[in-house]
Every structure is written in structure tokens, then in C-alpha cells.
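Breakdown of the fold
Chain residues, written in single-letter form:
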Amino acid sequence: CVQVDKATGQPTGFIWNTIGAPMAEAIKYFATDQGLGFGVAIIIVTIIVRLIILPLGIYQSWKATLHSEKMNALKHVLEPHQTRLKEATTQEEKLEAQQALFAAQKEHGISMFGGVGCFPILLQMPFFSALFFAAQYTNGVASSTFLGINLGKPSLALTLIVGVLYYIQSLLSLHGIEDETQKAQMKSATYMSPIMIVVFSFMSPAAVTLYWVVGGFVQILQQFIINFFIRPYMKKRVAEEYEKNPPKTMSANAYLKDVTPKASQAIDNRPNNNKKKKNRNAGKQRSR
């Protein structure tokens with residue numbers, strides 16, 4: 001989203017000029033004009049930007065939670081297909097089981113992409129990127145301190161804090177998920193996300209890590225909204241929907257295509273026919 005000019009060493013591009021540069025000016029305004037310092041300025045601007053794009057995050061979580069609750073409600077419908085997929089021993093059996101699972105999900109209105117879609121995520125990325133570069137490249141940030149921490153160099157204290165925050169957020173994201181397959185898939189992200197943030201923080205100046213710390217608190221707040229407001233509502237909504245239109249339980253083979261050869265094909269492939277053809281050819285050879 002944002003590029004760095006090799007000649008000047010400064011951010012450039014459309015996203016930086018339209019979003020990032022105003023963020024950098026806002027950081028300088030709070031830091032110098034209001035006398036709050038660059039650390040507090042980064043915190044304020046991060047909170048403002050996060051609140052602006054919070055509805056997008058809530059919408060994204062709304063769709064993902066609806067998908068999760070549908071998966072929970074349809075567990076008895078999808079479980080035979082998931083079991084068949086786990087027990088498949090050949091590549092052909094795995095492909096057939098996957099096709100049957102996708103067909104069952106499609107029939108009951110479940111997206112294989114988790115119901116989230118790319119648009120809300122892509123719409124948030126320019127803001128995150130612009131804020132990331134604003135916290136790093138705003139004039140005066142690299143030479144300032146916050147609570148005794150040099151904002152221009154990596155900070156071990158802030159790195160540990162951001163790792164703990166994102167780990168807590170990852171644990172909270174597992175709350176209320178009853179489908180074991182889905183839960184197992186999400187558990188890997190529980191560890192990967194905090195580890196990645198910690199690694200990036202070790203290589204980034206403390207100003208950027210401070211931005212991630214504030215983002216971690218906002219993520220936890222957003223997760224609380226999901227767990228205690230959105231998820232209970234979605235659970236009730238899905239239960240009422242399937243109470244009116246109960247899903248049909250079908251066997252794991254119900255969605256498979258019939259690939260049995262036709263009778264004419266079976267006759268042509270019989271061993272006797274091959275023998276006859278061989279004998280006929282053998283006779284011709286003897287006559288010659």
C-alpha cells in the first residue's frame with residue numbers, strides 16, 4: 001500500500017499522500033503543538049484511526065461469527081462428510097469427500113471461505129499501512145522517548161507487552177466455537193499471530209511497536225463485543241432460522257456423482273471380447 005522512495009528514504013505513493021501524510025501531520029500536531037510528546041501522539045492517532053475503521057472490523061466479525069454459528073448448528077449434517085474426509089486413504093477418495101463436503105455446505109448456505117469475504121479486510125489495509133509508516137517516518141519520532149523508551153529503536157518491554165496482548169486476543173477468538181474441526185484450524189493462528197508480531201517488533205522501532213500495542217487493546221475490545229454481544233445474538237438467530245427450516249441430514253455419499261460405467265461400456269471391456277479379437281487376429285496370421 002505504501003512505498004519508500006530510495007532516493008529520499010521517505011514514504012510515497014497514493015495511499016501515503018491521501019491517508020498517511022495527514023496521519024503524520026496529526027501526530028506532529030498532538031506531539032508539538034499540544035505538547036503531548038510523540039508517544040502520546042501516536043497513541044491518540046492510533047485510537048482515532050482504529051475507531052474510524054472499527055465498524056469495518058465489526059462487520060467482518062459479524063459475518064465470520066454468523067458462519068461459525070451455522071457450522072455449530074449444522075454439525076450433525078457436516079460431520080459425516082468431515083469424518084469421511086479424515087478417513088480417506090487415497091487422493092481420489094479425498095477429492096470425492098471434499099466435493100461432497102463443499103456441496104453440503106453450499107446447500108445450507110455456508111461459504112467455504114468462512115463467510116468473511118476479502119473486501120472488509122482489503123478496505124482496512126491502507127489505513128493500517130499508512131498508520132504503520134506514519135508512526136515510523138514522522139519527523140521527530142525517531143529522536144523522542146516515551147516513558148523512558150527510545151521510540152527510534154526496538155524495545156524489549158513493548159515487544160513482550162504486544163506479544164501478550166495478541167495472545168490474549170487469539171485465545172478470546174476461540175470463545176464460543178463448538179465445532180472441533182474449525183477450532184483446531186484456528187488454534188494454529190492462536191500461536192502464529194503473536195509470534196509474528198513479536199518477531200516484527202524485534203526488528204521495528206518502538207514507535208511502530210507502540211502502535212501495535214494500542215492496536216492489541218482495540219482488538220481485545222472488539223473481541224469482547226463479538227463474544228458477549230454479537231455471538232449470543234447470532235446463536236439465537238441461527239437457532240430460530242433452523243427451527244423454522246430444519247436442515248436435512250444426508251449420508252456422506254448423497255452428494256457424490258455416479259461414475260459407474262454404462263452397460264455398453266462394461267460389455268466392450270469384458271475379457272471375452274478381447275479374447276475373441278485376439279483369436280480373430282491369430283487366424284488371419286495363420287492364413288497368411
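Sequence order as written defines residue numbering, which begins from 1 separately in each chain. Only residues with pLDDT of at least 70 get local features here, since the model is predicted, and only at 80 or more are side-chain atom pairs given and counted; chain-wide, interface and lining totals rely on the full set of residues. No hydrogens and no water enter the side-chain calculation; it runs on all heavy atoms of the structure.

Okay, the packing of aromatic side chains next. Between the rings of Phe, Tyr and Trp (Trp by its six-membered ring), a pair exists once the centres lie within 6.5 Å; its type follows the angle of the planes, with under 30 degrees stacked, over 60 edge-to-face, and the other angles tilted. For the structure shown, the criterion picks out 7 aromatic pairs. Here the aromatic rings of Phe-132 and Trp-212 are separated by 5.9 Å at their centres, their planes lie at 40 degrees, and the arrangement is tilted. Separated by 80 residues along the polypeptide, Phe-132 in helix H5 (residues 119-137) and Trp-212 in helix H8 (residues 206-244) bring together distant segments of the chain. Burial here depends on accessible area, computed with a 1.4 Å probe over protein chains only, as a share of the maximum for the residue type. Under 20% is buried, over 50% is exposed, and the range in between is partly exposed. What makes Phe-132 partly exposed here is its relative accessible area of 22%. Through pairs of rings, three or more aromatic residues link up here, namely Phe-132, Phe-133, Tyr-137, Phe-200, Tyr-211 and Trp-212. Note on conventions: DSSP H or I runs of at least 4 residues are helices, E runs of at least 2 residues are strands, and numbering of each starts at the N terminus.

Core analysis: the largest hydrophobic core is formed by 39 residues, its most contacted members being Met-23, Ile-27, Ile-42, Val-45, Leu-151, Tyr-211 and Trp-212. Only helix H1 (14-33), helix H2 (38-73), H5, helix H6 (156-173) and H8 provide two or more residues apiece to this core. By definition, residues are in contact when any of their heavy atoms lie within 4.5 Å. In this view, Tyr-211 contacts Ile-42, Thr-46, Phe-128, Leu-131, Phe-132 and Ala-135; residues no more than four positions away in its chain are not counted. The nonpolar core is taken to be a set of buried Ala, Val, Leu, Ile, Met, Phe, Trp, Tyr and Cys residues, with the residues joined through side-chain atoms within 4.5 Å.

This brings us to the environment of Gln-223. Relative to the helices and strands, Gln-223 is located in helix H8. C-alpha of Gln-223 to C-alpha of Leu-172: the two residues are 51 residues apart in sequence and 6.6 Å apart in space. Those residues in contact with Gln-223 that sit more than four places away from it in its chain are Gln-169, Leu-172 and Ser-173.

Here we take up H2. Because each turn of an α-helix spans 3.6 residues, side chains separated by three or four positions in sequence point in the same direction. Here H2 contains 36 residues, and its C-alpha end-to-end distance of 49 Å stays within 8% of the 52 Å for a straight helix at 1.5 Å per residue. What we call the bend at a residue is the angle made by axes fitted to the seven residues finishing there and the seven residues starting there. Where H2 bends most, the angle comes to about 45 degrees, and this point is Ile-53, followed within four residues by the proline Pro-55. Expected span of a helix: the number of residues minus one, times 1.5 Å.

What follows concerns a nonpolar patch on the surface. Patches here: salt-bridge-free residues with over 30% relative accessible area, like charges joined within 9 Å, nonpolar side chains (Val, Leu, Ile, Met, Phe, Trp, Tyr) joined within 5 Å. Values of accessible area rely on a 1.4 Å probe in the Shrake-Rupley scheme; residue burial ignores everything except the protein chains shown. Salt-bridge detection follows one rule: a side-chain nitrogen of Lys or Arg within 4 Å of a carboxyl oxygen of Asp or Glu. Together, Leu-156, Leu-160, Tyr-167, Leu-171, Tyr-191, Met-192, Ile-195, Met-196, Val-199, Phe-200, Phe-202 and Met-203 give the surface a local cluster of nonpolar side chains, amounting to about 1,200 Å² of exposed area. Counting residues per element, the ones that place at least two in the nonpolar patch are H6 and helix H7 (180-203). When residues of the nonpolar patch are assigned to their parent elements, the largest contribution, 8 residues, is made by H7. Positionally, Met-203 belongs in helix H7.

Quick look at the confidence of the model for the protein chain now. For every residue, the predictor reports its confidence as pLDDT, a number between 0 and 100. Residues with a pLDDT of 70 or more make up 74% of the protein chain, whose mean pLDDT is 76. The secondary-structure element of the protein chain with the lowest mean pLDDT is helix H9 (residues 263-268), recorded at 48, while strand E4 (residues 149-150) shows the highest, at 91. Across residues 254-267, confidence stays below pLDDT 50; counting only partners more than four residues off in sequence or on other chains, it has 11 contacts. Scored below 50 in pLDDT, residues 282-288 makes 0 contacts in the model with residues more than four places away or belonging to other chains.

With that out of the way, let us pick up the packing of H6 against H8. Angles shown run from 0 to 180 degrees and are taken between the N-to-C directions of axes, each axis being a line fitted to C-alpha atoms and, for helices, limited to the stretch in contact. Packing of H6 against H8 leaves a shortest axis separation of 9 Å and a crossing angle of 20 degrees. In terms of their interaxial angle, H6 and H8 are classed as roughly parallel. Crossing of H6 over H8 shows left-handed handedness. Each residue belonging to the contact of H6 with H8 can be placed in one class, and the counts come to 14 nonpolar, 9 polar and no charged. An angle below 35 degrees is treated as roughly parallel, one above 145 as roughly antiparallel, one from 65 to 115 as roughly perpendicular, and anything else as oblique. Each crossing is labelled by how the near helix is turned from the far one, with a counterclockwise turn of less than a right angle marking it left-handed and a clockwise turn marking it right-handed. As a working rule, the residues Ala, Val, Leu, Ile, Met, Phe, Trp, Tyr, Cys and Pro are called nonpolar, Asp, Glu, Lys and Arg charged, and the rest polar, with Gly in that last group.

Pairs of packed helices are described in terms of their axes, by the angle between the two and the distance that separates them. Direction vectors running N to C along H2 and H8 enclose 30 degrees, while the axes themselves pass 6 Å from each other. Viewed along their axes, H2 and H8 adopt a mutual orientation that is roughly parallel. With respect to the hand of their crossing, H2 and H8 are arranged in right-handed fashion. Its residues placed into classes, the contact of H2 with H8 shows 20 nonpolar, 9 polar and 7 charged.

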